[in-house]
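Breakdown of the fold
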Amino acid sequence: MQHKGLIFITLVLLSHAVFAQWECPGKIPAHLKPFHKAVPINWALEISPSAGVMTDRTINSGMVLGALQFYKGNHEVYVEGGMKFWQNRNELYDAQDRRLGLREAFYSFNNGRHSVKTGFMSMRSGDYFLVNERATGVAYQYDAGPIRIDANVATVTKHLSRAGVFCTKSYIYNLVMDRPVIPLGKRPRETNFSSVSFSIDPARFLAQRNTVNNESDASGEDEFEDFEESDEFEEFEEFEESEEFEAFDSDDEFEALEEEKDPFIKISELGAIFYNEFGTLNNEFGWWSGVFGEATLPLEFKLRGELLWQETVWSDGIIFYGGLEKVHFWPNRSRTIFSAGYYTMLSESVQAGSSMSFANMWYGEVMRLDGVDMPFWQISAKHNFPKIKTHLKVQYVQQLKAQQMTEYDFAVGKTWGKHVKTTAMFARLEALELPEPYFFARLEIRITI
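Calculation notes
Residues numbered from 1 in each chain as written. Predicted model: local features only at pLDDT ≥ 70, side-chain atom pairs only at ≥ 80, totals over all residues. Heavy atoms only, no water. Helix = DSSP H or I, 4+ residues; strand = E, 2+ residues; numbered from the N terminus. Buried < 20%, exposed > 50% of the residue type's maximum accessible area, 1.4 Å probe, protein only. Contact = heavy atoms within 4.5 Å. Areas by Shrake-Rupley, 256 points an atom, 1.4 Å probe, with all protein chains shown as cover. Phe/Tyr/Trp six-rings, centres within 6.5 Å; stacked < 30°, edge-to-face > 60°. Polar contact = N/O pair within 3.5 Å; in protein donor to acceptor, adjacent residues only side chain to side chain. Salt bridge = Lys/Arg side-chain N within 4 Å of Asp/Glu carboxyl O. Pairing = 2+ DSSP bridges. Patch = residues over 30% accessible without salt bridge, like charges linked within 9 Å, V, L, I, M, F, W, Y side chains within 5 Å.

**A look at the overall build of the chain**
For the chain, the helix and strand inventory stands at 6 helices and 19 strands. The buried share among the 449 residues of the chain stands at 44%. The contacts of the chain with a sequence gap of at least 6 include a subset with a gap of at least 24, amounting to 57%. As displayed, the chain has an accessible area near 23900 Å², and 59% of this comes from carbon and sulfur atoms.

**A closer look at the packing of aromatic side chains**
According to the stated counting rule, one finds 18 aromatic pairs in the structure shown. Ring geometry for Y173 versus F440: centroids 5.3 Å apart, planes at 75 degrees, classification edge-to-face. Note that Y173 is positioned in helix α2 (residues 170-173) and F440 in strand β19 (residues 438-448), a separation of 267 residues in sequence. Comparing Y173 with F440 shows no difference in burial state: the two are buried. Consider the rings of F193 and Y275, whose centres lie 6.3 Å apart with planes at 40 degrees: the pair is tilted.

**Quick notes on the environment of D316**
Following the sequence through the fold, D316 ends up in strand β13 (residues 316-329). Under the relative-accessibility criterion, D316 is labelled partly exposed at 34%. Note: C-alpha distance between D316 and G286 (30 residues apart in sequence) is 9.4 Å. A polar contact of 3.3 Å, which involves the side chain of D316, links it to the backbone nitrogen of T312.

**Topic: the environment of V181**
Mapped onto the elements of the fold, V181 is located in the loop between α2 and β9 (192-200). Residue V181 is classed as exposed on the basis of its relative accessible area, which comes to 75%.

**Quick notes on the side chain of R446**
Among the secondary structure elements, R446 is positioned in strand β19. According to the relative accessible area criterion, R446 is buried, its value standing at 8%. In this structure the side chain of R446 is engaged in a polar contact, spanning 2.8 Å, whose partner is the side chain of E46.

**Some details on the pattern of salt bridges**
This structure, assessed with the given rule, holds 14 salt bridges. Measuring nitrogen to oxygen at the nearest pair gives 2.8 Å for the salt bridge that ties R446 to E46. One end of the pair, R446, is in strand β19; the other, E46, is in strand β2 (residues 39-54), and 400 residues separate them in sequence. For E46, a relative accessible area of 1% corresponds to the buried category. The residue R442 makes a salt bridge to E444 at a minimum N-O spacing of 3.5 Å. Like R442, the residue E444 is buried in the burial classification. Ionic contacts of the salt-bridge type, sharing partners, join the residues E46, E365, R368, R442, E444 and R446 into one network.

**Observations concerning the pairing of strand β14 (residues 335-346)**
Note that β13 and β14 share 12 bridges and pair antiparallel. Bridged to K326 within β14 is F338. Counting the residues between successive antiparallel strands, the hairpin from β13 to β14 contains 5 residues, one of them, R333, with a positive phi of roughly 75 degrees. Here β14 pairs with strand β15 (residues 376-385) via 9 bridges, running antiparallel. Counterpart to G341 in the pairing with β15 is Q378.

**Thoughts on a nonpolar patch on the surface**
Where nonpolar side chains cluster on the molecular surface, the patch consists of V291, L307, W309, I318, F320, Y342, L346 and L400 and spans about 670 Å² of accessible area. Looking at the nonpolar patch, the elements with two or more residues in it are β12 (301-312), β13 and β14. Its location among the elements puts Y342 in strand β14.

**Some thoughts on the pairing of β19**
Burial along β19 is one-sided: the residues Y438, F440, R442, E444, R446 and T448 are buried and none of F439, A441, L443, I445 and I447 is. Across 10 bridges, strand β18 (residues 420-430) lies against β19 in antiparallel orientation. Counterpart to K421 in the pairing with β19 is R446.

**Observations concerning unusual backbone geometry**
Trans is the common state for peptide bonds, and a negative phi is the common state for residues other than glycine. The peptide bond linking M374 to P375 adopts the cis configuration, its omega dihedral lying at 0 degrees. Here P375 lies in the loop between β14 and β15. Phi angles above zero are rare outside glycine, and R189 is one such case at about 80 degrees. On the secondary structure map, R189 appears in the loop between α2 and β9. Residue classification places R189 among the exposed residues on the basis of a relative accessible area of 65%.

**Concerning the environment of D150**
Relative to the elements of secondary structure, D150 occurs in strand β8 (residues 147-155). Considering only alpha carbons, one finds D150 and G126, 24 residues apart in sequence, at a separation of 5.5 Å. Residues within four places of D150 in sequence aside, it is in contact with G126, Y140, Q141, S195, V196 and S197. At a separation of 2.8 Å, a polar atom in the side chain of D150 contacts the side chain of Q141. Here the side chain of D150 touches R148 through a polar contact of 2.8 Å, side chain to side chain.

None of this, on its own, says anything about what the molecule does.
Here it is, written out as structure tokens:
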């Protein structure tokens, strides 16, 4: 029973990671350790040099990051920052720079149901792709088992944003010039966003409600009595095995319960979101509103979809996203993750395009297709070999209009001991702006202390 619960939690975490982005390489939070047992302060250090070649240039970059975490009860203060170096060189030029920067600097409070963060931090909207950004602001989440509410308001600046000069590699690759430019302010309040979302797990909500009603009837208590403080209901998981199954000797009764527990198609999330971009850089960015949901299909395939109405000063239309994922565990404990996604915008205007500024989906190591590059699709697979701490990844992404950018990615990663990881990446790239296929290779070393 514990193993099944662990597998379920792992699947959920992997599902969110794979749908959200191809990879998030930072490993500092997993290596935080105390200065001393008597002091509630953790620290970690990460060094990540890398070197690569492209068809017409060589690229080098490196980061040295440090983190401090103070924690006491439900409170946390976290700071992470450091220095980045990069160099881009070919026969015509040699560009290089060094920059100091922050990746996180926030205070948070979390009591299990209410969570509040304020400061400079990584932020996500409550849906599947509208926001994935580093910004300065406030994030609130209410999590009551099957019901979740997310609310964010923040300002984004060019230097420290995920697509800015400190955190990204886009300006190093800089391969296709004729692409939409996302506006980013140099100062706070020039480019901002806010969002609020509500989501629910219908099956878990109904199961929890039925449990409460049954217990209320049995005890003779009012069915509308407040039950939210009960630990029994907070810990309820609809995928967890119930001890009542062990009491059944009849196969028919057991099968009937199994069928009720695992329907053919199970809706695991339904939600709605309102999102707004605003600021002084442009008088009005626009707003987005819509619905999203997730379902588990036969053979444990996960299907996600989102439908948004966009209204901006540039264009109006409907944005659609559909994603499919499968996580397969092999007998030797290795794991394979398959993922596919399609993003598009439908509008009466031929020139209309999706305009969200802070999605940072970044499909493709070099091309980094984002929301403004719709329509595009991607398919990928990743396989982990736990015994030898190695993984393989392949990905294909294709933009269907504009520059018609296409990228084939292959990566192999290896963890050495507990503190060193090496990743080799290779890519083949095509675009209308490129006269012939373009090639890329890079080796990254990540040392975490």
